[in-house]
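Close look at the chain arrangement
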Amino acid sequence: MAKQLKKASLLSEADKQKLLKKAGNKKPLTQAQTTTTAIPAARTVTRSATRSNNEEQTSTSTAKSFKVWAGISMVLLVAFILAPKPQLIEYQSAGLTTQSVYMPGWFGKPGVILDTNQRAVLAEEEQSLYLCFEGQSNEQCAKYRLRKQQGFIAAAIFWYSSRP
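Described in the following lines is the structure provided in the data block. (Residues numbered from 1 in each chain as written. Predicted model: local features only at pLDDT ≥ 70, side-chain atom pairs only at ≥ 80, totals over all residues. Heavy atoms only, no water.)

What about the overall build of the chain?
The helix and strand inventory of the chain stands at three helices and six strands. Along the chain, helices (α) and strands (β) appear in the sequence α-α-β-β-β-β-β-β-α when read from the amino end. Every one of the 164 residues in the chain was classed for burial, and the buried ones make up 16%. Counting contacts in the chain only where the partners sit at least 6 residues apart, residues at least 24 apart contribute 33% of the total. Of the roughly 13300 Å² that the chain leaves accessible, carbon and sulfur atoms contribute 61%. (Helix = DSSP H or I, 4+ residues; strand = E, 2+ residues; numbered from the N terminus. Buried < 20%, exposed > 50% of the residue type's maximum accessible area, 1.4 Å probe, protein only. Contact = heavy atoms within 4.5 Å. Areas by Shrake-Rupley, 256 points an atom, 1.4 Å probe, with all protein chains shown as cover.)

Right under this line is the structure:
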């Protein structure tokens, strides 16, 4: 037959009663009462712990997504600052005046006029524009007198209005 195990306690029944009286509870607690009061407390502790874990996870995921978006926007801002911006230029040769969008070259490469396949060399100090075919030397380029240069917004408006 199975042997009955006796539960051991560090406090005797008299010590338990003294502690309960000091706490303000006049009634002695039975074994059933102690277990029923401990269970709801444990449930509330686990619920509050679960809530705090969920709040921590949402706050960390929000912080992570903010950091990702901030990083992406910083990269785009730096790229916009470093990238060459198009200009609307007006140039003239032999009485013919033309407006075109000029895109400066990247890292020392020659610029391009968007409505031609020639390379464009803009000499601002001479107020001249040279249009050259690939493989030609700079002496064989067509020279145009630069009349007006406008910025990025004017170039964007001109490009948008000239689209079919």
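Regarding the packing of aromatic side chains
By the definition in use, this model includes two aromatic pairs. Relative to Y144, the ring of Y91 lies with its centre 5.2 Å away and its plane at 70°, an arrangement referred to as edge-to-face. With Y91 in strand β1 (residues 87–93) and Y144 in strand β6 (residues 142–150), this residue pair connects regions lying 53 residues apart in the sequence. Exposure remark for Y91: the relative accessible area of 7% places this residue in the buried category. Its guanidinium or amino end placed over the ring of F80, K85 lies 5.0 Å from that ring's centre, counting from NZ or CZ. (Phe/Tyr/Trp six-rings, centres within 6.5 Å; stacked < 30°, edge-to-face > 60°. Lys NZ or Arg CZ within 6 Å of the ring centre and 35° of its normal.)

Overview of unusual backbone geometry
The phi dihedral of A94 is positive, around 55°, even though this residue is not glycine. Relative to the assigned elements, A94 resides in the loop between β1 and β2 (96–103). Look at A94 and you get exposed, because its relative accessible area is 85%. Phi is positive for Q127, close to 55°, though the residue is something other than glycine. Relative to the helices and strands, Q127 resides in the loop between β4 (119–123) and β5 (128–132). Residue class for Q127 comes out partly exposed when judged on its relative accessible area of 39%.

Regarding the pattern of salt bridges
Enumeration over the complete set of coordinates arrives at one salt bridge. For the salt bridge of R147 with E90, the shortest nitrogen-to-oxygen distance reads 3.8 Å. Of this pair, R147 sits in strand β6 while E90 sits in strand β1; the two residues are 57 residues apart in sequence, bridging distant segments of the chain. Among the residues examined, R147 registers a relative accessible area of 44% and is labelled partly exposed. Judged by relative accessible area, which is 13%, E90 ranks as buried. (Salt bridge = Lys/Arg side-chain N within 4 Å of Asp/Glu carboxyl O.)

With respect to the environment of I157
Take I157: it is sitting in helix α3 (residues 152–162). C-alpha separation for the pair I157 and L88, spaced 69 residues apart in sequence, amounts to 9.4 Å.

Some words on the nonpolar core
In this structure, I89, Y91, Y102, I113, A120, L122, L129, L131 and L146 together form the largest nonpolar core, which totals nine residues. Apart from the residues lying within four places of it in its own chain, the contact partners of L122 are Q87, Y102, S128, L129, L146 and Q149. (Core = buried A, V, L, I, M, F, W, Y, C linked by side-chain atoms within 4.5 Å.)

Brief notes about the pairing of β5
Of all five residues in β5, four are buried, a share of seventy percent or more. Strand direction decides the pairing type here: β4 and β5, joined by five bridges, are antiparallel. When the bridges of β5 are listed, A120 appears paired with L131. Between β4 and the antiparallel strand that follows it, β5, lie four residues; Q127 among them carries a positive phi value of about 55°. Where β5 lies against β6, four bridges are found, and the strand directions are antiparallel. Among the inter-strand pairings, L129 is bridged to a residue of β6, identified as Y144. (Pairing = 2+ DSSP bridges.)

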